[in-house]
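Understanding the architecture of this molecule
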Amino acid sequence: CILQESNSTSTYENFKFSKEIMEKNNLKTAVLVTNDFHVFRAVKLAHRAGIKAHRISAATSWYTAPVNYMREFVAVVYMFLFSSR
């Protein structure tokens, strides 16, 4: 089944709120669907929120890949250096 979480303003909040939905519905695992450049950080944040997630990634267009991967690199560094979650 697909349950929607629509209150989050960040990836971490999405997992935090999704965890609450999962607990209310007695669900043990989730499927994480995101862009290929975002999978690594999304899996780490899901784990931090206590979610066991399988992952499916969507391909990134070649012309947007450089900007997306650079932005994600900065976000991953920031996550490891400054996030206490």
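The coordinates are above.
Everything in this summary refers to the structure shown in the same document. Only a predicted model underlies this, so the values are computations on that prediction, with no experimental measurement involved. (Residues numbered from 1 in each chain as written. Predicted model: local features only at pLDDT ≥ 70, side-chain atom pairs only at ≥ 80, totals over all residues. Heavy atoms only, no water.)

**Overview of the packing of aromatic side chains**
Rules: In this analysis, rings of Phe, Tyr and Trp, with Trp reduced to its six-membered ring, are considered paired at centre separations within 6.5 Å, and the interplanar angle assigns stacked below 30 degrees, edge-to-face beyond 60, and tilted for intermediate values. Note on classification: 1.4 Å probe, protein chains only; a residue is buried when its accessible area is under 20% of the maximum for its type, exposed when over 50%, partly exposed between these limits. Counting from the N terminus, the helices are DSSP H or I runs at least four residues long and the strands are E runs at least two residues long.
Applying the stated criterion across every chain, the model contains four aromatic pairs. Look at W62 and Y63: their rings are 5.6 Å apart centre to centre, the planes differ by 90°, and that puts the pair in the edge-to-face class. Taken as a pair, W62 and Y63 share a single burial class, namely exposed. Between Y78 and F82, the aromatic rings sit 5.0 Å apart at their centres with planes inclined by 40°, giving tilted as the arrangement. Here F82 and Y78 lie together in helix α3 (residues 65-82), a separation of four residues that amounts to about one turn.

**Points about the environment of H38**
Under the convention used in this document: The contact rule is simple, with two residues in contact once any of their heavy atoms fall within 4.5 Å.
Relative to the helices and strands, H38 is located in the loop between β1 (29-35) and α2 (39-48). On the accessibility criterion, H38 (11% relative accessible area) is buried. When near neighbours in sequence (up to four residues on either side) are disregarded, H38 contacts T11 and E72.

**As for the environment of I51**
Relative to the helices and strands, I51 resides in the loop between α2 and β2 (52-58). Assessed through its relative accessible area of 7%, I51 is described here as buried. Separated by 15 residues in sequence, I51 and P66 have C-alpha atoms that sit 29 Å apart. Apart from the residues lying within four places of it in its own chain, the contact partners of I51 are F15, S18, K19, M22, A30 and A46.

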